[in-house]
Amino acid sequence: MQAVPADLMIVLLSVAATGITVFTPVLRSSPLRVILGVPFVLFIPGYALIAVLFPEAPPQNHPTTGVDADEATGIISDRIDGIERLTLSFATSIALIIFCGLFLEISPWEFGTVTLFVSVAGFVLVATVVAIKRRRELSAENRYTVPIGHWYRTVRHRLGNPPTRVDFGLNILLVVGVVLTVVTVGFGVGEPTDEGSFTEMYLLTETATGDLVARDYPTEFTSGQQKQVVIGLDNHEHETTSYTTVIKLQEVADDETTVVRENELDRFTITLAHNQSDTIPHSVEPELSGPRLRLAYLLYRGEPPAEPTTENAYRETHLWINVTAAE
C-alpha cells in the first residue's frame, strides 16, 4: 500500500489539529487557535484544490537554455512550479472561504466558527482524497513531490532578482498583500467568539387559534386574577446553557429605576442546546395592586444571585400593567 504523500499528510493533520482547537473549549480562546487557524483558512483549502488540479511534478528546466523543457519544444505545459502552486493556494483559499461563507448564509445552518470549519474541512478532506488518487495514477517521475529546496531557491531568485522594475514592484505588492491578508484574517480568527454569542428572550401571547404572537399582551388585572403570558428563549451561546428566569411584579418610582416595593411571582429553570429555542407558558397572578406596575422578567445563565434585579440580570424584558384591588 502506497503511503500518503507528505504534503497531503500535512493537510490532513492540519484539518485534525484545527478541529481540536475548534471543538475543545479550553483551546478555543488560546493562541494555538490562531497559529493553526490562519494557515487553515488562508492556505490549506486552496492547496488541496490545487493538488487535485495539478498532480504532476513541475516542469524541468532545459539543461542548456535554462527554460522549461515544454517551452523549448513549443508545447504548452499544464504543470505549475512551486511559486505558482503557493500563490494559487493563497488566492483560491480566500475565494473558497468566501464561497463557504455565502453558502452558509443561504443554507439552513447558522454561520459560525463550527459550521464554517465543518464546511471547509469537508471540502479539504474530499479534495485531499481525490488528489491522492490522482497522484497515484501517475508514474513516480511525473508525480508531484514537495521540493522544499527548490521552492526556497525559486522564491529567493524571483524576489531578489526580478527581470524588470515592474516585476520587482509586483513582487513587493504580492508580499505586502499576503502579509496584510494574514494579519487581517489572523485578527479575525484570534478574536474571542463571545461577541457572536447571545441569548434572545421575548414575550408572546397565544391567540384563540393557538398561534403565538408578539402583541395583545394582558395589561389590565384584578388582584388574584390569572392571565397567561408565554416566554420565548433562543440559545445562540455556542454551547448548552442552563437558564433561570425570575418573574417579579414591581412598583417603581417615577424615574423607573428605583423599586419601591416588589414581590416574586415565579421562577423556573430550563436548559437549551446551542441554536435551540423553546417557549414556556406561565400564568401571571398579581399580588400587588396599583397603576403602572412593572412585570419584570429577569433571565440568568445558571443560578441567579441572592437578590435578582434588572441591573444584574443577563437579559431583561417587562410589561407595564395596571392591577385593581379585588373588592
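Below or above, wherever it landed, is the structure these notes cover. (Residues numbered from 1 in each chain as written. Predicted model: local features only at pLDDT ≥ 70, side-chain atom pairs only at ≥ 80, totals over all residues. Heavy atoms only, no water.)

1. A word on the overall build of the protein
For step 1, the next point in the chain: Scanning the protein from terminus to terminus reveals 9 helices and 9 strands.
For step 2, the next point in the chain: Relative to its 327 residues, the protein shows a buried fraction of 36%.
For step 3, the next point in the chain: Within the protein, residue pairs in contact and separated by at least 24 positions form 71% of the contacts whose partners lie at least 6 positions apart.
For step 4, the next point in the chain: Of the roughly 18700 Å² that the protein leaves accessible, carbon and sulfur atoms contribute 61%. (Helix = DSSP H or I, 4+ residues; strand = E, 2+ residues; numbered from the N terminus. Buried < 20%, exposed > 50% of the residue type's maximum accessible area, 1.4 Å probe, protein only. Contact = heavy atoms within 4.5 Å. Areas by Shrake-Rupley, 256 points an atom, 1.4 Å probe, with all protein chains shown as cover.)

2. Some words on a nonpolar patch on the surface
For step 1, the next point in the chain: There is a patch of nonpolar side chains on the surface, built from F23, V114 and V118 and spanning about 250 Å² of accessible area.
For step 2, the next point in the chain: Note that F23 resides in helix α1 (residues 6–23).
For step 3, the next point in the chain: Classification of F23 as partly exposed rests on a relative accessible area of 45%. (Patch = residues over 30% accessible without salt bridge, like charges linked within 9 Å, V, L, I, M, F, W, Y side chains within 5 Å. Salt bridge = Lys/Arg side-chain N within 4 Å of Asp/Glu carboxyl O.)

3. Considerations on α1
For step 1, the next point in the chain: Between its first and last C-alpha, α1 extends 26 Å over 18 residues, near the 26 Å set by a 1.5 Å rise per residue.
For step 2, the next point in the chain: What α1 keeps buried is the set D7, L8, V11, S14, V15, T18, G19, T21 and V22. Down the axis of α1, the buried set is contained in an arc of 160°. They therefore lie on one face. More than 90 degrees from the buried face of α1, the exposed residues found are A6, I10 and L13.
For step 3, the next point in the chain: Buried residues in α1 make contact with α2 (25–28), α3 (31–42), α4 (44–53) and α7 (113–136). (Expected span 1.5 Å × (residues − 1). Arc of directions from axis to C-beta.)

4. Some remarks on the pairing of strand β8 (residues 290–301)
For step 1, the next point in the chain: By the criterion of burial, β8 is predominantly enclosed, with 9 of the 12 residues buried.
For step 2, the next point in the chain: As defined by bridge partners, strand β5 (residues 241–252) adjoins β8 across 8 bridges and the pair is classed as antiparallel. Along β8, the bridge assignment pairs L249 with L295.
For step 3, the next point in the chain: Direction of pairing for β8 relative to strand β9 (residues 315–324): antiparallel, over a ladder of 8 bridges. Its bridge partner being in β9, A296 is matched across the sheet by H318. (Pairing = 2+ DSSP bridges.)

5. What about the sheet that holds strand β1 (residues 198–206)?
For step 1, the next point in the chain: One open sheet accounts for 4 strands, arranged β2-β1-β4-β7; its pairing is antiparallel. Two strands in the sheet have a free side with no partner beyond their single neighbour: β2 (212–213) and β7 (277–284).
For step 2, the next point in the chain: Across 7 bridges, β1 lies against strand β4 (residues 227–236) in antiparallel orientation. Bridged to M201 within β4 is L233.

6. Side note on the nonpolar core
For step 1, the next point in the chain: Counting residues in each nonpolar core, the largest one holds 25 residues, and the members touching the most others are F40, V120 and V124.
For step 2, the next point in the chain: Ranked by the residues each element gives to this core, the list is headed by α7, at 8 residues.
For step 3, the next point in the chain: The contact partners of V120, leaving out residues within four places of it in the chain, are F40, P45, I97 and C100.
For step 4, the next point in the chain: Grouped together as the second largest cluster of nonpolar side chains are 22 residues, I231, L233, I247 and V284 included. (Core = buried A, V, L, I, M, F, W, Y, C linked by side-chain atoms within 4.5 Å.)

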